[in-house]
Amino acid sequence: AQTVTQSQPEMSVQEAETVTLSCTYDTSESDYYLFWYKQPPSRQMILVIRQEAYKQQNATENRFSVNFQKAAKSFSLKISDSQLGDAAMYFCAYRSNFGNEKLTFGTGTRLTIIP
Amino acid sequence: DAGVTQSPTHLIKTRGQQVTLRCSPISGHKSVSWYQQVLGQGPQFIFQYYEKEERGRGNFPDRFSARQFPNYSSELNVNALLLGDSALYLCASSLARDRPYGYTFGSGTRLTVV
């Protein structure tokens, strides 16, 4: 079974600075997808960025980028120019390309933005 | 376009009762998944339905059941409620399993069992 580990329960960053959230995962598969989701107090999980394992190029979405290290099974999220609206819980998630659409989530990192 | 809608938003039930939670996916999305998120943890997969058929089931007891209707909306039923069933229940919809862009989540139903 796949597992996802987020070792930082809480992180904080000064507004406009850069922060990196860590995620590691364990799988024996070679074809899968990785996601970062943001969950603000409104509770809705919002997709931040996705990465396809067969693509070596790291995904980027505006101020958000990932460092995908397939051999090390690491998938960190970098947030540049942090804004107050970035404050939320961030969850890393794994999805196999085989079988059903199950997402396996980590335990999350609470990100605080300091004005 | 309307997003994924879930109802009700909040619910309080007594131990032993039964509850039904509802989810309407984004128009055109045929796959619906259910997750349970206990406070302080990441969501845990309960079910996935695609074209009205169960495609996956997580490690949950038989007290949990679900179904998907012809319009792709879905219901999650939980029987014989336990205090431990108190959680945020999230519904997610997607187009299909191939090349997943991502999954769109609703805002969830907060279930409290007393």
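In what follows, the structure referred to is the one given above.
Of the residues lining the interface, 30 residues belong to chain B; the matching set on chain A comes to 24 residues. Taking both partners together, chain B and chain A bury about 2,200 Å²; carbon and sulfur atoms supply 47% of that area. For the pair chain B and chain A, the number of links is zero salt bridges. Of all the elements in the fold, those that place two or more residues in the side of chain B that touches chain A are β4 (31–37), β5 (44–50), β6 (53–57), β9 (87–94) and β11 (109–113) of chain B. Of the residues assigned to the side of chain B that touches chain A, the class counts are 10 nonpolar, 15 polar and five charged.

For the rest of this paragraph, the subject is the sheet that holds strand β3 (residues 19–24) of chain B. Residue and element names in this part refer to chain B. Across the sheet, which stays open at both edges, the four strands sit in the order β1-β3-β8-β7 with antiparallel pairing between neighbours. On the outer flanks of this sheet lie β1 (5–7) and β7 (64–68), each paired with one strand and no other. On average, adjacent strands in this sheet sit at an angle of 15° to one another, irrespective of strand direction. Two elements, β3 and strand β8 (residues 74–78), share five bridges in a ladder whose sense is antiparallel. Bridging across to β8, Val19 finds its partner in Val78.

Moving on to the pattern of salt bridges. All names here are of chain A. By the definition in use, this model includes nine salt bridges over all chains. In this structure, Arg50 engages Glu52 in a salt bridge whose closest nitrogen and oxygen atoms are separated by 3.4 Å. With respect to class, Arg50 is no different from Glu52; both count as buried. The salt bridge involving Asp86 is made with Arg63; its shortest N-O contact spans 2.8 Å. Here Asp86, found in the loop between β9 (74–79) and β10 (88–96), pairs with Arg63, found in the loop between β7 (60–61) and β8 (64–69); they are 23 residues apart in sequence, far enough to count as distant. The network of salt bridges with shared partners includes Arg50, Glu52 and Lys55.

For the rest of this paragraph, the subject is the environment of Ala2 of chain B. With respect to the helices, strands and loops of the structure, Ala2 of chain B is situated in the segment before β1. Along the sequence, Ala2 of chain B and Arg22 of chain B sit 20 residues apart, while their C-alpha atoms lie 15 Å from each other.

On to the pairing of β4 of chain B. All names here are of chain B. Of all seven residues in β4, seven are buried; the element is thus mostly enclosed. The alternating pattern of β4 places Ser31, Ser33, Tyr35 and Gln37 and Val32, Trp34 and Gln36 on opposite faces, both of which are buried. Here six bridges tie β4 to β5, and the two strands are oriented antiparallel to one another. Counted as the bridge partner of Ser31 is Tyr50 from β5.

Reading the values: rules and limits
- Residues numbered from 1 in each chain as written.
- Chains lettered and ligands numbered in written order.
- Predicted model: local features only at pLDDT ≥ 70, side-chain atom pairs only at ≥ 80, totals over all residues.
- Heavy atoms only, no water.
- Contact = heavy atoms within 4.5 Å.
- Buried area = accessible area lost by both parts, 1.4 Å probe.
- Salt bridge = Lys/Arg side-chain N within 4 Å of Asp/Glu carboxyl O.
- Helix = DSSP H or I, 4+ residues; strand = E, 2+ residues; numbered from the N terminus.
- Nonpolar A, V, L, I, M, F, W, Y, C, P; charged D, E, K, R; others polar.
- Pairing = 2+ DSSP bridges.
- Axes fitted to C-alpha atoms, helices over the stretch in contact; angles between N-to-C directions.
- Buried < 20%, exposed > 50% of the residue type's maximum accessible area, 1.4 Å probe, protein only.

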